[in-house]
Amino acid sequence: MTDAERRTALEEIAAEVRVCTKCRLHQTRTKAVPGEGDPDTEVIFVGEGPGFNEDRQGRPFIGRAGDLLVKLLASIGWRREDVFITNVVKCRPPDNRDPQPDEIAACAPYLRRQLEVLDPAVVVTLGRFSMGTFMPGARISQVHGTVRPVDPATGAGAALVFAMYHPAAALRTPAIERDSYADIGAVPAALLDSRRRREAAVETDVAQGTPEADPPSASAAIESPEPPSPPAPTPAADDATPQLTLF
Ligand code: URA
Ligand code: SF4
């Protein structure tokens, strides 16, 4: 898919989200928040759901949690425009309550389609609800800062998922803020790791005579022998690599 095709496909999904009535959250939203970012990025950040400010402006992570996310990104030399940022539910839960399972399920196809279009190398989950989509059954206190292969059923055909605390939790608790800076420091290495895996998957397909697709493609990934859920979380590559300006 070309950059322009990706942009168009993401805009089609966003247009559907803006008028969606598939769950009760549409009744109380001001604006739906489809997500935004570089359509050609390798990294997607997935939060929980819009808050007060996001609901008013229709853009993700623009309040205090967003400010912290921008600072966390800056600590590894990235800007929010370099990545794609979205949420598990695209409409604000009233009074910032937790999204309910039926709301998450109703909204899931939008995130899945965004992932199919973006075909990210790394999915960074922010908080428990996002983690639950990509690392079912995991506990955030145990898996934050670690990576696993993503189940291709999520729409991300060949990605590693990297779990982080939600920035709002980091705003409340200094120890979590410190952990968040340490965790995001490992994301560039996870991206390098994921690139290597994707290249290896494409080479395997070529060696096996699978018709060559644009590497790295979703189809190559789906056919890759990657186990969807390894027994235990692997710590993110910690071979301190200082020079990791990947964007
Ligand atoms: N918190 C989220 O989870 N998402 C946003 O977009 C903003 C705050
Ligand atoms: Fe539709 Fe998702 Fe908004 Fe529910 S949260 S109304 S499913 S866009």
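Worth saying up front: this structure is predicted, and the values here are computed from it rather than measured.

S.K.: Provide a residue-level description of the overall build of the protein chain, including the pertinent values.
M.R.: Looking only at helices and strands, one finds ten helices and seven strands in the protein chain. Look at the contacts in the protein chain between residues 6 or more apart in sequence, and 73% of them connect residues 24 or more apart.

S.K.: So, the pairing of strand S5 (residues 146-149): which residues are in play, and what are the values?
M.R.: Each regular strand shows side chains that alternate between the opposite faces of the sheet. Here S5 shows a buried face lined by Thr-146 and Arg-148 and a second buried face lined by Val-147 and Pro-149. Relative to strand S6 (residues 160-164), S5 runs antiparallel, the two being bridged by three bridges. If you follow Pro-149 over to S6, its bridge partner there is Leu-160.

S.K.: So what about the site of ligand 2? Which residues, and what values?
M.R.: Neighbouring residues of ligand 2: 14 residues in total, closest Cys-20, Cys-23, His-26, Cys-91 and Cys-107. For the shell around ligand 2, the element with the highest residue contribution is helix H4 (residues 101-118), accounting for three residues. Residue classes in the shell around ligand 2 are distributed as nine nonpolar, two polar and three charged.

S.K.: Could you give me a rundown of helix H1 (residues 3-18), with the residues and numbers involved?
M.R.: Counted at 1.5 Å a residue, the expected span for H1 with its 16 residues is 22 Å, and the 22 Å between its end C-alpha atoms agrees. Along its buried surface, H1 packs onto H4.

S.K.: Please provide a residue-by-residue account of the environment of Glu-177, values included.
M.R.: Take Glu-177: it is sitting in helix H8 (residues 174-184). Taking the C-alpha atoms as reference points, Glu-177 and His-166, eleven residues apart in sequence, are found 9.4 Å from one another.

S.K.: Hey, could you go over the nonpolar core for me, with residue numbers and the actual values?
M.R.: Counting 62 residues, the largest nonpolar core has Ile-44, Val-122, Val-123, Val-124, Ala-159, Val-161 and Phe-162 as the members making the most contacts within it. Among the elements that make up this core, the one with the highest residue count is H4 (eight residues).

S.K.: Summarise the confidence of the model for the protein chain; cite the residues concerned and give the values.
M.R.: For the protein chain, the average pLDDT comes to 89, and 85% of its residues sit at 70 or higher. This stretch, residues 215-243, has a pLDDT under 50; its non-local contacts, to residues over four places away or in other chains, come to 53 contacts.

S.K.: Lay out the pairing of strand S4 (residues 122-126) with the relevant residues and their values.
M.R.: Counting buried residues along S4, five of its five residues qualify, which places the element largely inside the surrounding structure. Where burial is concerned, the two faces of S4 agree: the one with Val-122, Val-124 and Leu-126 and the one with Val-123 and Thr-125 are both buried. The sheet contact formed by strand S2 (residues 43-47) and S4 spans four bridges and is parallel. Opposite Val-43, over in S4, you have Val-122 as the bridge partner. Summarising the sheet, S4 and S6 pair through five bridges and their orientation is parallel. Across the sheet, the residue bridging to Leu-126 is Met-164, located in S6.

Each value, and the rule that gives it
- Within any chain, residue numbers begin from 1 and follow the written order of that chain's sequence.
- Here the convention is simple: chains get letters from A, ligands get numbers from 1, in the order in which they are written.
- The predicted nature of this model means local features are confined to residues of pLDDT at least 70 and side-chain atom pairs, given and counted, to a pLDDT of 80 or more, with totals for whole chains, interfaces and linings taken over all residues.
- In DSSP terms, a helix is any run of H or I states spanning at least four residues, a strand is any run of E spanning at least two, and both are numbered starting from the N terminus.
- The contact criterion used is a C-beta to C-beta distance within 7 Å, with each C-beta placed from the backbone.
- Field definition: a residue is buried when 20 or more other C-beta atoms are found within 10 Å of its C-beta, exposed when 12 or fewer are, and partly exposed for counts in between, with C-beta atoms placed from the backbone.
- Between any two strands, at least two bridges found by DSSP are needed for them to pair.
- To decide nearness, the C-beta atom of each residue is placed from the backbone, and the residue is near a molecule or strand if that atom lies within 6 Å of it.
- Residues are grouped as follows: nonpolar covers Ala, Val, Leu, Ile, Met, Phe, Trp, Tyr, Cys and Pro; charged covers Asp, Glu, Lys and Arg; every other residue, Gly included, is treated as polar.
- Under the convention used throughout, the expected extent of a helix is 1.5 Å for every residue step, that is, one less than its residue count.
- The nonpolar core criterion groups buried Ala, Val, Leu, Ile, Met, Phe, Trp, Tyr and Cys residues into a set whenever they are joined through C-beta atoms within 7 Å.
- The predictor attaches a confidence to each residue, called pLDDT, with possible values from 0 through 100.

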